[in-house]
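The residues making up each chain are set out below.
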Amino acid sequence: MDQSKRRRGRREGDGRKSYRPSLGKERSKRLSLCLIGMLPVLVVHGGAGQIPKERVEMASAGVRAAARAGYAVLQGGRSSMDAVVEAVTNLENNPSFNAGYGSVLNVKGEVEMDAIVMDGRTLASGAVSAVRNIANPIQLARLVMEQTSHLCLTAGGAGQFARAMGMPEVPGDSLITEYARMRWKKNLAPNANPVECQMGKMGTVGAVAVDEDGNIACATSTGGMLNKMEGRVGDTACIGCGGYADNRAGAVSPTGHGEAIMKVTLARLILFHMAQGMSPEEASDLGLATMKERVEGLGGVVTVDPQGRWAARFTSTQMAWAAAQGGTLHFGVFSGEDVTQGIGDPADG
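Residues numbered from 1 in each chain as written. Predicted model: local features only at pLDDT ≥ 70, side-chain atom pairs only at ≥ 80, totals over all residues. Heavy atoms only, no water.

S.K.: Help me understand the packing of aromatic side chains, please; the structure alone is not making it clear to me.
M.R.: One pair of aromatic rings is described through two measures. These are the centre distance and the angle between the planes. Under the criterion given, the structure shown has one aromatic pair. With a centroid separation of 5.7 Å and 50 degrees between ring planes, the pair formed by Trp 310 and Trp 321 is classed as tilted. In this pair, Trp 310 is assigned in strand β11 (residues 310-314) and Trp 321 in strand β12 (residues 318-325), connecting sequence segments eleven residues apart. Just above the ring of Phe 331 sits the side chain of Arg 64; from NZ or CZ to the centre is 4.7 Å. The ring of Tyr 244 has Arg 268 sitting right over it, with the charged end atom 5.0 Å from the ring centre. (Phe/Tyr/Trp six-rings, centres within 6.5 Å; stacked < 30°, edge-to-face > 60°. Helix = DSSP H or I, 4+ residues; strand = E, 2+ residues; numbered from the N terminus. Lys NZ or Arg CZ within 6 Å of the ring centre and 35° of its normal.)

Set out below in structure tokens:
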């Protein structure tokens, strides 16, 4: 029997209890759950946008599996960095998402990927951009952080570093799904809008976590924008845009239109507000509202603070997300949705 408990925001006249905090004059299509003082905690997202109806359950199942995998690492006493990398690796290996296997294609029909990790204890970070032939860019980003004095390696240089580190290369075609190839062909039409197309497919993936020692980390990985120009690099590989972690404030992993996220340095903007005393929900809402107001950008974030309070917020139509804390798994896709079940319950309820 499905033990899940569902809570949704009130629909007019349906008599159900509301679970949507007020946003004042504007409502952001998002959900947050905050549990204070419960460590460890991990929150993942599978990308903001409009998920095709037939792929909603795949997206939800994917983020739930990733959250369970990352949380198991935390329960084993390992670090928040280990946990976010495990969660994102899980998502990169899932063809439902735009990262690793399943990445969208550039204008030439090829896969180029970006990824970033950041350690909130030391502010160490590592990133890769426009990488090819790597099954798990998030693991390469971690190697950049741990084995070099640099923050980001790109394209051929990142590939050379991967070979030097003994990371196996894979054929480029092995990262391409039939779904990604279909989307690429469909959007080669001269009148296709790459931004609209990007918001209509499975998205960027990311995770934030706080471990038992109170150390915070983030990880984000993406195949980028559908039918992008060759060599295009978006927000993900840019520190403060595609991710940021600081033990003194929290961690953020964003998703959405990369150029818009870069213009407002979304991850760092949200943590700035949190450092001024805002909760993860308030800061996430304000950051997303700023991006929408200033550059007409839609997107979403998962955010966590040092006390273990967390938020999953989005202004897009949907965002697949899941959070693990206190032995409970929370997840959702639609605005105002929160489903809860035990971490040890069967993976699909």
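Structure shown, so let's carry the discussion forward.
S.K.: Sorry if this is basic, but what is going on with the pattern of salt bridges here?
M.R.: Two side chains carrying opposite charge are able to pair once their charged atoms lie near each other. Throughout the structure, instances matching the rule amount to twelve salt bridges. The salt bridge partner of Glu 230 is Lys 108, with a shortest N-O separation of 3.4 Å. Of the two residues, Glu 230 sits in the loop between β7 (216-222) and β8 (244-246) while Lys 108 sits in the loop between α2 (80-92) and β3 (113-119), which places them 122 residues apart along the sequence. Among the residues examined, Glu 230 registers a relative accessible area of 42% and is labelled partly exposed. For Lys 108, a relative accessible area of 48% translates into the label partly exposed. For Glu 146, the salt bridge is made with Arg 142, and the minimal N-O distance between the two is 2.9 Å. Residue Glu 146 and its partner Arg 142 are located together in helix α3 (residues 137-147), separated by four residues, close to a single helical turn. When its relative accessible area of 42% is taken as the criterion, Glu 146 is described as partly exposed. Overall, Arg 142 belongs to the buried group, its relative accessible area being 19%. Residues joined in a network through salt bridges with shared partners are Lys 108, Glu 110, Glu 112, Arg 132 and Glu 230. (Salt bridge = Lys/Arg side-chain N within 4 Å of Asp/Glu carboxyl O. Buried < 20%, exposed > 50% of the residue type's maximum accessible area, 1.4 Å probe, protein only.)

S.K.: What am I meant to see in the pairing of strand β14 (residues 338-342) here?
M.R.: Burial within β14 is extensive, with four of its five residues counted as buried. In this structure, strand β13 (residues 328-332) lies alongside β14, joined through four bridges in antiparallel fashion. Bridging from a neighbouring strand, His 330 pairs with Thr 340 of β14. Counting the residues that bridge the hairpin from β13 to β14 gives five residues, and of these Gly 336 lies at a positive phi of roughly 75 degrees. (Pairing = 2+ DSSP bridges.)

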